[in-house]
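Residues per chain are reported as follows:
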Amino acid sequence: MQLKDKVAYITGSASGIGKEIAILFAQEGAKIIIADLNKEAADATAAELKATGAQAIGVAVDVTNEDQVNASVEEGAAAFGGIDILISNAGIQIVHPVEEFSFADWKKMLAIHLDGAFLTTKACLKHMYAQGRGGSVIYMGSVHSKEASLLKAPYVTAKHGLIGLAKTVAKEGAKHGVRANVICPGFVRTPLVEKQIPEQAKTLGISEEEVIKNVMLKETVDGEFTTTEDVARVALLFAGFPTNALTGQSLVVSHGWFMQ
Ligand code: NAD
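Here the structure is a predicted model, which is why all the values come from computation and not from measurement.

Engineer: Honestly, the site of the ligand in this entry has me stumped. Any pointers?
Structural biologist: Looking at the ligand, there are 27 residues lining it, with Ser-15, Asp-36, Tyr-155, Val-188 and Thr-190 nearest. Interatomic distance of 3.4 Å between a backbone N/O atom of Val-61 and a nitrogen atom of the ligand. For the ligand, an oxygen atom lies 2.8 Å from a polar atom in the backbone of Asn-89. Protein contacts shield 92% of the accessible area of the ligand, which totals 840 Å² for the unbound molecule. Counting residues per element, the ones that place at least two in the shell around the ligand are helix 1 (16-27), helix 5 (153-173) and helix 6 (191-204). If one sorts the elements of the shell around the ligand by residue count, helix 6 sits on top with three residues. Within the shell around the ligand, the residues separate by chemical class into 14 nonpolar, 10 polar and three charged. Two domains each provide a minimum of three residues to the shell around the ligand, namely domain 1 (7-187 + 227-253) and domain 2 (189-225).

Below you can see the structure in the form of structure tokens.
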């Protein structure tokens, strides 16, 4: 068990990638705080984990709301005795060409992806620094932290921004044994991506099959989607790493879509 008795606060973990990380971390002995906008789904996910013998709670949070972030981190920390791992993962996607993007949607995207990362980091670092047992901060970036695609201006901007935040937290956190890293997945078939397939087909005037083959997976080495399990394995590598040797990094898991 690589994460025995570690406490992990995972945003957006009632679905998709975050949920898979919660499942793997629970198997590795961590106590899990399922922090999600959808409280009902968060509670259901926590119940699923508890049914396997793990310790987990669901907490309601909108990651763009400072009071809700602070309250949910405090609730989780009080339940399990601190915070050792933050996975800042909650996210959405909105696609339009730049000239059609509303300013409101631009701000919503940056708020969820960047304000959410900042607020959860600030709230969790407070515990990690005070506890004196180190910690791991992990941001859910994307291949779009390194590369651009049509129609995704705020997403690409925010995901690039997470790398800057991780590098800064890596430098500031080092003396407390707190590491910060970014995971950069390629396309994973979660509800977030299922929603984009028909939207992109409509905007680009091509079929859904063409969106998958010629847009999403075109640059991969084998035409395969990355899976939630692939991403969770990378999260475990970062979370379980014992020293500051692995910090300030961004690791791409994308079937070779992006190679650095
Ligand atoms: P998902 O839609 O399956 O899950 C996202 C979760 O975030 C949901 O449970 C949702 O309720 C929650 N959420 C949304 N807004 C929130 C808010 N304001 N506060 C709290 N919770 C909120 O999506 P996913 O594909 O698992 O995406 C998770 C992360 O992975 C996102 O940051 C996304 O950008 C990133 N990512 C996804 C892919 C992909 O192909 N699916 C690829 C690279 C990166």
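Don't stop here, the text continues.
Engineer: Would you mind going over the sheet that holds strand 3 (residues 56-60) with me for this structure?
Structural biologist: The strands that make up a sheet are held in pairs by hydrogen bonds between backbone atoms, and each pair lies either parallel or antiparallel. Taken in spatial order, the seven strands line up as 3-2-1-4-5-6-7 in an open sheet, and their pairing is parallel. Strands with a single pairing partner mark the edges of an open sheet, and in this sheet they are strand 3 and strand 7 (249-253). Going from strand to strand, the sheet's axes swing by 20 degrees on average, the running direction of each strand aside. With five bridges joining them, strand 1 (residues 7-11) and strand 2 (residues 31-36) adopt parallel strand pairing. Along strand 2, the bridge assignment pairs Tyr-9 with Ile-33. Sitting on the sheet, helix 4 (residues 103-131) is in contact with strand 1, strand 4 (85-88), strand 5 (135-140) and strand 6 (178-185), with an inclination near 180 degrees to strand 4.

Engineer: Looking at this model, I keep getting lost on helix 5. Mind explaining?
Structural biologist: Helical geometry: 3.6 residues make up each α-helical turn, so side chains three or four residues apart lie on a common side. Here helix 5 contains 21 residues, and its C-alpha end-to-end distance of 30 Å stays within 8% of the 30 Å for a straight helix at 1.5 Å per residue. All buried positions along helix 5 are accounted for by Pro-154, Tyr-155, Val-156, Ala-158, Lys-159, Leu-162, Ile-163, Ala-166, Val-169, Ala-170 and Gly-173. Where helix 5 is buried, its residues contact helix 4, strand 5, strand 6 and strand 7.

Engineer: I would appreciate a short explanation of the side chain of His-113 in the present structure.
Structural biologist: Relative to the assigned elements, His-113 resides in helix 4. Polar side-chain contacts of His-113 include one of 2.9 Å to the backbone oxygen of Ile-92. A polar atom in the side chain of His-113 sits 3.3 Å from the side chain of Lys-159. Residues within four places of His-113 in sequence aside, it is in contact with Ala-90, Gly-91, Ile-92, Tyr-155, Ala-158, Lys-159 and Leu-162.

Engineer: Please explain the side chain of Lys-31 as it appears in this structure.
Structural biologist: With respect to the helices, strands and loops of the structure, Lys-31 is situated in strand 2. Among residues more than four places away in sequence, those in contact with Lys-31 are Asp-5, Lys-6, Val-7, Ala-8, Gln-55 and Phe-80.

Engineer: I would appreciate a short explanation of the domain arrangement of the chain in the present structure.
Structural biologist: Interface size, as often reported, equals the accessible area lost upon joining of the parts. When cut into domains, the chain gives domain 1 (7-187 + 227-253) and domain 2 (189-225). The C-alpha-based centres of domain 1 and domain 2 are spaced at 25 Å. Taken residue by residue, the interface counts 13 residues in domain 1 and 14 residues in domain 2. Ranking the residues of domain 1 by area buried against domain 2 places Gln-93, Leu-151 and Phe-187 at the top, with a combined share of 54%. Summed over the shared surface of domain 1 and domain 2, the result is one residue pair in polar contact (both at pLDDT 80 or more). When the residues that make up the side of domain 1 that touches domain 2 are grouped by side-chain class, the tally is six nonpolar, six polar and one charged.

Engineer: Explain the pairing of strand 2 to me, please; I cannot follow it from the model alone.
Structural biologist: On a regular strand, each side chain points to the face opposite its neighbour's, so the side chains alternate between the two faces of the sheet. Strand 2 sits mainly inside the fold: six of its six residues count as buried. Residues Lys-31, Ile-33 and Ala-35 of strand 2 are buried on one face, and the alternating residues Ile-32, Ile-34 and Asp-36, pointing to the opposite face, are buried as well. With helix 1 bridging strand 1 and the parallel strand 2, this β-α-β connection has right-handed handedness. Sheet topology note: the strand 2/strand 3 ladder contains five bridges and is parallel. Looking at the pairing, Ile-32 lines up with Ala-56 of strand 3. The handedness of the strand 2 to strand 3 crossover, carried by helix 2 (residues 39-51), is right-handed.

Engineer: Sorry, what's going on with the environment of Glu-48 here?
Structural biologist: Positionally, Glu-48 belongs in helix 2. Relative accessible area serves as the criterion here: at 41%, Glu-48 is assigned to the partly exposed category. Taking the C-alpha atoms as reference, Glu-48 lies 9.0 Å from Ile-23; in sequence the two are 25 residues apart. At 3.1 Å, the side chain of Glu-48 forms a polar contact with the side chain of Lys-19.

What counts, and where the lines are drawn
- Residues numbered from 1 in each chain as written.
- Predicted model: local features only at pLDDT ≥ 70, side-chain atom pairs only at ≥ 80, totals over all residues.
- Heavy atoms only, no water.
- Near = heavy atom within 4 Å.
- Polar contact = N/O pair within 3.5 Å; in protein donor to acceptor, adjacent residues only side chain to side chain.
- Areas by Shrake-Rupley, 256 points an atom, 1.4 Å probe, with all protein chains shown as cover.
- Helix = DSSP H or I, 4+ residues; strand = E, 2+ residues; numbered from the N terminus.
- Nonpolar A, V, L, I, M, F, W, Y, C, P; charged D, E, K, R; others polar.
- Domains from an automatic or database assignment.
- Pairing = 2+ DSSP bridges.
- Axes fitted to C-alpha atoms, helices over the stretch in contact; angles between N-to-C directions.
- Contact = heavy atoms within 4.5 Å.
- Expected span 1.5 Å × (residues − 1).
- Buried < 20%, exposed > 50% of the residue type's maximum accessible area, 1.4 Å probe, protein only.
- Buried area = accessible area lost by both parts, 1.4 Å probe.
- Right-handed = clockwise from strand over helix to strand, strands pointing away.

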